[in-house]
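Spelled out, the chains give:
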Amino acid sequence: MFETLLEMQERGVRDRARGRSLADNPMSKPDILPITDFQEWYSMFDAWRFGWSIEDAMAGHSNAPRDGGAVSLAYTRTV
């Protein structure tokens, strides 16, 4: 299970680097449901979201202004 969670974190990192949003979490797709083990599902959902958030912070997206203004950041990442 631990390796699976790390894989989901890495997938979240890759998905964010490719420009996907939090709404693109693969664990929130209807074909995953119905959930038979809620704790396992949530662990996978949260692992992807954590990886996505790490990449988002590293890319500087979390520093975006809240008033809708633009921030000029230079960031390049190869995955």
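Please refer to the structure higher up on the page.
Residues numbered from 1 in each chain as written. Predicted model: local features only at pLDDT ≥ 70, side-chain atom pairs only at ≥ 80, totals over all residues. Heavy atoms only, no water.

1. Focus on helix α2 (residues 38–58)
Here α2 contains 21 residues, and its C-alpha end-to-end distance of 30 Å stays within 8% of the 30 Å for a straight helix at 1.5 Å per residue. Contacts made by the buried residues of α2 are with α1 (2–17). (Helix = DSSP H or I, 4+ residues; strand = E, 2+ residues; numbered from the N terminus. Expected span 1.5 Å × (residues − 1). Contact = heavy atoms within 4.5 Å.)

2. Topic: α1
The end-to-end C-alpha distance of α1, which contains 16 residues, comes to 23 Å, matching closely the 22 Å that a straight helix rising 1.5 Å per residue would cover. Every buried residue of α1 is accounted for by Met8, Gly12, Val13, Asp15 and Arg16. Angularly, the buried residues of α1 cover 165° about the axis, an arc narrow enough to put them on a single face. Looking one or two residues past α1, Gly19 carries a phi angle of roughly 95°, positive in sign. (Buried < 20%, exposed > 50% of the residue type's maximum accessible area, 1.4 Å probe, protein only. Arc of directions from axis to C-beta.)

3. Quick word on the packing of aromatic side chains
Taken as a whole and judged by the stated rule, the model has 5 aromatic pairs. Ring geometry for Phe38 against Tyr42: centres 6.3 Å apart, planes inclined by 20°, an arrangement best described as stacked. Taken together, the positions of Phe38 and Tyr42, both in helix α2 and 4 residues apart, correspond to about one turn of that helix. Tyr42 sits in the partly exposed class, given a relative accessible area of 35%. Here the aromatic cluster, defined as three or more aromatic residues joined through ring pairs, consists of Phe38, Trp41, Tyr42 and Phe45. (Phe/Tyr/Trp six-rings, centres within 6.5 Å; stacked < 30°, edge-to-face > 60°.)

4. Considerations on the nonpolar core
Soluble globular proteins tend to bury their nonpolar side chains together. Counting residues in each nonpolar core, the largest one holds 8 residues, listed as Met8, Met27, Trp41, Met44, Phe45, Ala47, Trp48 and Trp52. For this core, the element with the most residues is α2, which contributes 6 residues. Not counting residues within four places of it along the chain, the set of residues in contact with Trp52 comprises Gly12, Val13, Arg16, Arg20, Ser21 and Leu22. (Core = buried A, V, L, I, M, F, W, Y, C linked by side-chain atoms within 4.5 Å.)

5. Notes on the packing of α1 against α2
Following both chains from N to C, one finds α1 and α2 inclined at 40°, their axes separated by 7 Å at the closest point. Judged by the angle between their axes, α1 and α2 are oblique. Seen from above, α1 lies across α2 with right-handed handedness. Contact with α1, carried on its side by Thr4, Leu5, Met8, Gln9, Arg11, Gly12, Val13, Asp15, Arg16 and Ala17, involves Ser43, Met44, Ala47, Trp48, Phe50, Gly51, Trp52, Glu55 and Asp56 of α2 and no other residues of that element. Across the contact of α1 with α2, the residue classes break down as 9 nonpolar, 5 polar and 5 charged. (Axes fitted to C-alpha atoms, helices over the stretch in contact; angles between N-to-C directions. Parallel < 35°, antiparallel > 145°, perpendicular 65-115°, else oblique. Left-handed = near helix turned anticlockwise from the far one by under 90°. Nonpolar A, V, L, I, M, F, W, Y, C, P; charged D, E, K, R; others polar.)

6. Quick word on the pattern of salt bridges
For the structure shown, the criterion picks out 3 salt bridges. The closest approach of N and O atoms between Arg16 and Asp56, which form a salt bridge, is 2.9 Å. In this pair, Arg16 is assigned in helix α1 and Asp56 in helix α2, connecting sequence segments 40 residues apart. Here Arg16 and Asp56 have matching classes, each one buried. Among the salt bridges present, the one from Asp46 reaches Arg49, with a minimum N-O distance of 2.4 Å. Remark: Arg49 and Asp46 occur in helix α2; sequence separation between them is 3 residues, near one turn of the helix. (Salt bridge = Lys/Arg side-chain N within 4 Å of Asp/Glu carboxyl O.)

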